[in-house]
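Chain by chain, the residues run as shown.
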Amino acid sequence: MERLEFEVECGSGAAAAAAAPVVVGVVASGNLEVLVEQGAPAGRCRFSVDTSVRGFGETWRAVVEDFAARQRPSGLVFSLNDAGATPAVVSLRLDQAVEEFRGARR
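The rules behind these values
Residues numbered from 1 in each chain as written. Predicted model: local features only at pLDDT ≥ 70, side-chain atom pairs only at ≥ 80, totals over all residues. Heavy atoms only, no water. Pairing = 2+ DSSP bridges. Helix = DSSP H or I, 4+ residues; strand = E, 2+ residues; numbered from the N terminus. Axes fitted to C-alpha atoms, helices over the stretch in contact; angles between N-to-C directions. Contact = heavy atoms within 4.5 Å. Disulfide = S-S within 2.5 Å. Buried < 20%, exposed > 50% of the residue type's maximum accessible area, 1.4 Å probe, protein only. Salt bridge = Lys/Arg side-chain N within 4 Å of Asp/Glu carboxyl O. Core = buried A, V, L, I, M, F, W, Y, C linked by side-chain atoms within 4.5 Å.

## A word on the sheet that holds strand β2 (residues 22-25)
(1) Moving on: Strand order in the open sheet formed by five strands is β1-β4-β5-β3-β2, and the pairing between neighbours is mixed. Strands at the two margins of the open sheet, each flanked by one partner only, are β1 (2-9) and β2. Strand after strand, the sheet turns through a mean of 15 degrees between neighbouring axes, direction not considered.
(2) Moving on: Here eight bridges tie β1 to strand β4 (residues 44-51), and the two strands are oriented antiparallel to one another. Within the sheet, the bridge partner assigned to Glu9 lies in β4 and is Arg44.
(3) Moving on: Along the sheet, helix α1 (residues 57-71) contacts β1, β3 (32-38), β4 and β5 (76-82); its crossing angle with β1, the most-contacted strand, is approximately 35 degrees.

Following this line, the structure appears as structure tokens:
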């Protein structure tokens, strides 16, 4: 197992309004689980990744930075439990998680 931690800029938007944490995905072969909740400062987002595949820190950083630039999830914390997901699956699950979190506020 490897634990990776990232904090990235997510634009100048306001932090997310109060909402319950959201979990998407499932930890299984080739997949991952994402928990999203409030907790980062406005304009920032944090990612904590527990992965079964060691040595891909730069790939993880690229994926979360791309996600942050596209979705601008200001003020959110993402906890990822990975079982070997590809970068495309990671992007999909992150998009799904933030959309469900934003939907939970409506």
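Now that the structure has been shown, we can carry on.
## Focus on the state of the cysteines
(1) Moving on: In total, this model carries one disulfide according to the counting rule given.
(2) Moving on: A sulfur-sulfur separation of 2.1 Å characterises the disulfide bridge that pairs Cys10 with Cys45. With Cys10 in the loop between β1 and β2 and Cys45 in strand β4, the pair connects residues that are 35 residues apart, well separated along the chain.
(3) Moving on: Residue class for Cys45 comes out buried when judged on its relative accessible area of 0%.

## Examining the pattern of salt bridges
(1) Moving on: A full pass over the atoms with the stated rule returns eight salt bridges.
(2) Moving on: The partner of Arg70 in a salt bridge is Asp66, with the nearest N and O atoms 3.0 Å apart. Remark: Asp66 and Arg70 occur in helix α1; sequence separation between them is four residues, near one turn of the helix.
(3) Moving on: Of the charged contacts in the structure, one is a salt bridge between Arg102 and Glu99, with a shortest N-O distance of 3.6 Å. Taken together, the residues span about one helical turn, with Arg102 and Glu99 both in helix α2 (residues 87-104) at a distance of three residues.
(4) Moving on: Take Glu99: its relative accessible area is 38%, and that puts it in the partly exposed class.
(5) Moving on: Within the structure, one salt-bridge network assembled from shared partners comprises Arg3, Glu5 and Asp50.

## A word on the nonpolar core
(1) Moving on: Residues Val34, Phe47, Trp60, Phe78, Leu80, Val90 and Leu94 are the most contacted members of the largest nonpolar core, which totals 27 residues.
(2) Moving on: Looking at this core, the elements that each hand over two or more residues are β1, β2, β3, β4, α1, β5 and α2.
(3) Moving on: Look past the residues within four positions of Phe78 in its chain and what remains in contact with it is Val34, Leu35, Val36, Cys45, Arg46, Phe47, Ser48, Phe67, Pro73, Leu94 and Val98.

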